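The residues making up each chain are set out below.
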Amino acid sequence: MERSRIRPDRLPRHVAIIMDGNGRWAERRGLPRTEGHRAGVEAVRATTRAARELGVGWVTLYAFSSENWSRPKDEVDVLMRLPEEYFETELEEAIRNDVRIRTIGRIDRLPAHVQRTMGDAVEKTRNNGGMQLVFALSYGSRGEIVDAARRLLRDHEQGKLTPDSVDEKSFAAFLDDPELPDVDLLIRTGGESRVSNFLLWQIAYAELHFTDLMWPDFRREHLEAAILDYQGRERRFGLTSAQVHGNAD
Ligand code: IPE
Ligand code: IPE
Ligand code: MG
């Protein structure tokens with residue numbers, strides 16, 4: 001099995017996933033798109049469990065983008081029911097397994113019932129130090145960066161910082177979750193090779209893994225395959241290969 005070949009000492013610290021293809025999965029089966037979203041919840045369960053069991057430290061899931069608000073209202077309504085469906089089984093599981101739930105995105109734009117569900121999950125797992133599981137909801141990366149600039153300007157107005165004190169590290173502290181580490185591995189299902197306004201700041205040096213599989217079909221073995229793909233890459237961060245291997249002059 002793939003799993004036995006995964007090197008536990010070289011796991012990606014942060015795996016981010018663009019869970020795409022629910023609609024097409026359903027349409028291919030002659031089902032309404034919303035059935036694809038429902039089936040996608042099972043893939044979220046399987047994937048989050050697998051990531052935790054493998055020992056991945058951070059997982060960020062793109063669940064609903066700021067652009068997705070423009071979809072038909074019926075579809076948005078179904079998508080807004082999914083957090084409840086997921087946490088119905090997974091909140092206890094998270095509590096039991098030391099998983100901490102976090103959110104990024106414009107949570108205040110979500111319907112009150114979703115805010116309650118997410119708030120409850122975040123609150124009940126606040127002190128957990130195992131896997132950090134981040135849900136990007138009503139999230140768009142440009143919006144996040146603009147919000148960061150706004151917060152930074154407010155601090156400037158209050159005399160808390162000067163233009164010269166702003167660097168990449170201090171700027172990142174104004175993003176939605178200041179503790180969110182850089183992404184090591186970005187996975188996108190659904191066959192498209194684009195990032196669709198997801199974590200633009202945090203994926204600067206991520207390894208990208210695209211798969212044609214539709215999200216509802218994604219399971220443990222596909223996460224393992226993506227991690228194996230990642231482990232076969234050479235991350236150079238701008239250096240030469242010789243430098244990376246420590247045999248430069
Ligand atoms: C991803 O699946 C789920 C969300 C974007 C919320 P899609 O609904 O985008 O599925 P496709 O891409 O239309 O197949
Ligand atoms: C990206 O998928 C957003 C989520 C998976 C939540 P989309 O289906 O919205 O992306 P585009 O429109 O194909 O770029
Ligand atoms: Mg899509």
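For the structure itself, consult the block above.
Attention in this report is confined to the structure presented alongside it.

Rules used throughout
- Residues numbered from 1 in each chain as written.
- Chains lettered and ligands numbered in written order.
- Predicted model: local features only at pLDDT ≥ 70, side-chain atom pairs only at ≥ 80, totals over all residues.
- Heavy atoms only, no water.
- Near = heavy atom within 4 Å.
- Polar contact = N/O pair within 3.5 Å; in protein donor to acceptor, adjacent residues only side chain to side chain.
- Areas by Shrake-Rupley, 256 points an atom, 1.4 Å probe, with all protein chains shown as cover.
- Salt bridge = Lys/Arg side-chain N within 4 Å of Asp/Glu carboxyl O.
- Helix = DSSP H or I, 4+ residues; strand = E, 2+ residues; numbered from the N terminus.
- Buried < 20%, exposed > 50% of the residue type's maximum accessible area, 1.4 Å probe, protein only.

1. Quick notes on the site of ligand 1
Around ligand 1, 13 residues are found, and the nearest of them are Asp 20, Gly 23, Arg 24, Arg 33 and Arg 71. One of the backbone N or O atoms of Gly 23 is found 2.9 Å from an oxygen atom in ligand 1. At 2.7 Å from an oxygen atom of ligand 1 is found a side-chain nitrogen or oxygen belonging to Arg 71. Contact with the protein chains hides 87% of the accessible area of ligand 1, taken as 380 Å² for the molecule alone.

2. Regarding the pattern of salt bridges
For the coordinates displayed, the defined rule picks out 33 salt bridges. We note a salt bridge from Glu 93 to Arg 49, for which the minimum N-O separation is 3.2 Å. Here Glu 93 is found in helix H5 (residues 82-96), whereas its partner Arg 49 is found in helix H3 (residues 33-54), with 44 residues between them in sequence. Here Glu 93 falls in the buried class, since its relative accessible area comes to 14%. Linking Arg 52 and Glu 53 is a salt bridge whose minimum nitrogen-to-oxygen distance equals 4.0 Å. When its relative accessible area of 40% is taken as the criterion, Glu 53 is described as partly exposed. A cluster of three or more residues bridged by salt bridges with shared partners is formed by Glu 42, Arg 45, Arg 49, Arg 52, Glu 53, Glu 90, Glu 93, Arg 96 and Arg 220.

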